[in-house]
Amino acid sequence: MTTFVDRVVLHAAAGNGGHGCASIHREKFKPLGGPDGGNGGRGGDIVLVVDPGTTTLLDYHHLPHRKAGNGRPGQGGNRNGADAPDIVLPVPNGTVVSTVDGEVIADLVGLGTRLVLCTGGRGGLGNAALASPRRKAPGFALLGEPGQGGDFVLELKTVADVALVGYPSAGKSSLIAALSAARPKIADYPFTTLVPNLGVVEAGEVRYTIADVPGLIPGASEGRGLGLEFLRHVERCIALVHVIDCATLEPDRDPISDLDVIEAELAAYGAGLADRPRLAVLNKVDVPEAKELADLVTPELQARGLDVYQISAVSRAGLRELSFAMARLVSQARAIQPVLEPTRIVLRPRAVDDSGFTVTADGERFVVVGAKPERWVRQTDFGNDEAVGYLADRLARLGVEDRLVELGAQAGAEVVIGTGPDAVVFDWEPQLQAGAEHLLGRRGTDVRFDQPRRRKRGEPADDEPADLADDKAGDLTDDEPAEAGPDSSDRESASDRESASGWDGTTDSWDGTTDRWDGPTDSWDGTADGDR
């Protein structure tokens, strides 16, 4: 079973913000209760924290999908939705966070270092928060923002002072076990060490950490063996120690050629490894043949400018001198490193001429990009006309419409707010006046959207007869018969009925001499009101 993982792909998603509530206070004897819709809660964040008790990324290898909770929606009675808790993910010290494209986001070094990987969405405002002296009872609320998400690569680079490098079975694990309290796996076959091992060594007043890196072979910088998987753990080390096997039984190997191969692989890998301070360790001198070989190659290695130490990890010969030599390298490297200063809080106010958005002409369409316009669009409920009118007012106050006029946008021009698949496209109507709070209408509606739309050429108006529109268009020809009017006999019969009934059509008087009402209850004698 895998127990050490130093590279994973994490699929993280923050929580969405809760929607605001549109509610009106209803209570007996309070006819104008006013809006009381609460705000939505904030979505949970995804946070990475360097934890001293975490040494591997194994947990994220088994569970790569992490999602925070959503904020609760607001409720009536001015009750705000609850915020979702953050998801805190512990990572080892030295974890590098990057995108799948290789762009480094952060290098988490130091216990307690935090990184907000994905930010939760804001909660939408309820209609109680949107109320103003001019818009006393909004019939809408803002939607919650969606949380951030994406795929991220977590790569562990071990933080150590000294790295032990060399061929497989050179005795690196035996050396770290002899110098520190670390207990790595030790066996008599190559590639026994499959994961880096760390050990803490104290030499006088200097305390440092050494790392046992798995064995390197020719072509390790190109991916052969386990080179590429573990060479990155050497990047952070400030000193290198070449562990050379003087008792190897392979006929084509010797200490000089082994050193040349490892140096070539370190130089090919890059990352400044060729410039690190280093020393050479000739191991297994407890074997007589190995001791003779070590004495033979020591002058040549010293001629290359290397400090050479002959040791035996089994008999512990020469370990004290080696530990103090590594302590000197670490002390010298630490002395030339810049002093770490506390992080300064830098305030960068927005520029005076920064409007917060940009409008660019892309052919026949206009693209609006900016944090505020894009956030306002995401929070707008386009099924509510009043909410859409509120969005139009906000964009007008921000200056988007003025900028569109400056760029020469005409009525009906296509305007896009945002980028990507979440962009909103609409036709611009410049005659849509701002200030919906001055217009009376039902909650949830906007009377500006009830105005008749602009007619196209040849299209009849809503209150214009169709035959008149056809006449204007020239569809009516002279040889068509005119529509016949009312028949004359019908007009005569209508006048006879009026005279017979006693109604002259000019006054409101009734002579009462023609008709009589003989109902079962009330009677009418046919006399005028003045005679009774």
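Rules and cut-offs
- Residues numbered from 1 in each chain as written.
- Predicted model: local features only at pLDDT ≥ 70, side-chain atom pairs only at ≥ 80, totals over all residues.
- Heavy atoms only, no water.
- Helix = DSSP H or I, 4+ residues; strand = E, 2+ residues; numbered from the N terminus.
- Pairing = 2+ DSSP bridges.
- Axes fitted to C-alpha atoms, helices over the stretch in contact; angles between N-to-C directions.
- Contact = heavy atoms within 4.5 Å.
- Core = buried A, V, L, I, M, F, W, Y, C linked by side-chain atoms within 4.5 Å.
- Buried < 20%, exposed > 50% of the residue type's maximum accessible area, 1.4 Å probe, protein only.
- Salt bridge = Lys/Arg side-chain N within 4 Å of Asp/Glu carboxyl O.
- Phe/Tyr/Trp six-rings, centres within 6.5 Å; stacked < 30°, edge-to-face > 60°.

**Comments concerning unusual backbone geometry**
Okay, so step 1: Even without being a glycine, asparagine 78 presents a positive backbone phi close to 55 degrees.
Okay, so step 2: One can find asparagine 78 in the loop between β3 (65-67) and β4 (87-91).
Okay, so step 3: Here arginine 316, not a glycine, exhibits a phi torsion of approximately 65 degrees, which is positive.
Okay, so step 4: With respect to the helices and strands, the residue arginine 316 is situated in the loop between β14 (308-310) and α7 (319-336).

**Considerations on the sheet that holds β14**
Two modes of strand pairing occur in sheets, parallel and antiparallel, and in both the strands are linked by backbone hydrogen bonds.
Okay, so step 1: One open sheet holds the six strands; their spatial order is β10-β11-β9-β12-β13-β14, and the pairing between them is mixed. One side of each edge strand has no neighbouring strand; the edge strands of this open sheet are β10 (197-203) and β14. This sheet shows a mean twist of 25 degrees between the axes of neighbouring strands, independent of strand direction.
Okay, so step 2: Bridge count between strand β12 (residues 239-245) and strand β13 (residues 278-283): six bridges; the pairing is parallel. Residue pairing in the sheet places valine 243 in a bridge with valine 281 of β13.
Okay, so step 3: On top of the sheet, helix α5 (residues 255-269) reaches β9 (162-165), β12 and β13; it is set at about 145 degrees to β12, its chief contact.
Okay, so step 4: Each of β13 and β14 is contacted by helix α6 (residues 288-303), which is oriented at about 170 degrees to β14, the strand it contacts most.

**Details of the sheet that holds β3**
Okay, so step 1: Pairing is mixed across the open sheet formed by five strands, whose spatial order is β3-β1-β8-β5-β6. Each edge of the sheet is formed by a strand with only one pairing partner; in this case those strands are β3 and β6 (104-108). Direction aside, neighbouring strands of the sheet carry axes that sit 25 degrees apart on average.
Okay, so step 2: Inspection of the sheet shows strand β5 (residues 95-99) paired to β6 by four bridges, in the antiparallel sense. Residue pairing across strands places valine 96 opposite aspartate 107, the latter belonging to β6.

**Some points on the nonpolar core**
Okay, so step 1: In terms of nonpolar packing, the biggest core is built from 28 residues, with Val162, Leu175, Tyr208, Val241, Leu279, Leu322 and Met326 touching the most fellow members.
Okay, so step 2: Taken together, the elements giving at least two residues each to this core come down to β9, α3 (172-179), β10, β11 (206-212), β12, β13 and α7.
Okay, so step 3: Sorting elements by how many residues they give to this core places α7 first, with eight residues.
Okay, so step 4: Residues Val8, Leu57, Tyr60 and Leu108 belong to the second largest nonpolar core, which totals 23 residues.

**Describing α3**
Note: α-helices contain 3.6 residues per turn, so residues at a spacing of three or four share the same orientation.
Okay, so step 1: Along α3, seven of the eight residues are buried, which leaves the element largely enclosed by surrounding structure.
Okay, so step 2: Restricting attention to buried positions, one finds in α3 the residues Lys172, Ser173, Leu175, Ile176, Ala177, Ala178 and Leu179.
Okay, so step 3: Tucked into the core, α3 has its buried residues touching β9, β10, β11, β12 and α7.

**Comments concerning the pattern of salt bridges**
Okay, so step 1: Going through the model one piece at a time under the given rule, you end up with 15 salt bridges.
Okay, so step 2: Salt-bridge contacts for arginine 378 lead to glutamate 145; the nearest nitrogen and oxygen are separated by 2.9 Å. Of this pair, arginine 378 sits in helix α8 (residues 371-378) while glutamate 145 sits in the loop between α2 (127-130) and β8 (149-156); the two residues are 233 residues apart in sequence, bridging distant segments of the chain.
Okay, so step 3: A salt bridge links aspartate 295 to lysine 291, with the shortest nitrogen-to-oxygen separation between them at 3.6 Å.

**Some remarks on the packing of aromatic side chains**
Okay, so step 1: Scanning all chains against the criterion turns up one aromatic pair.
Okay, so step 2: Ring centres of phenylalanine 140 and tyrosine 390 lie 5.2 Å apart, and the angle between their planes is 45 degrees; on these two criteria the pair is classed as tilted. Taken together, the positions of phenylalanine 140 in the loop between α2 and β8 and tyrosine 390 in helix α9 (residues 385-398) put the pair 250 residues apart, joining distant regions of the chain.
Okay, so step 3: Accessibility expressed as a relative area gives 2% for phenylalanine 140, which makes it buried.

**Digging into the pairing of strand β17 (residues 414-417)**
Okay, so step 1: Where strand β16 (residues 365-369) meets β17, four bridges bridge the pair, whose relative direction is parallel. In the strand pairing of β17, phenylalanine 366 is matched with valine 415.
Okay, so step 2: As judged from the four bridges shared by β17 and strand β18 (residues 424-427), these two strands associate in the antiparallel manner. Across the sheet, glutamate 414 pairs through a bridge with aspartate 427, a residue of β18.

By themselves these figures say nothing about function.
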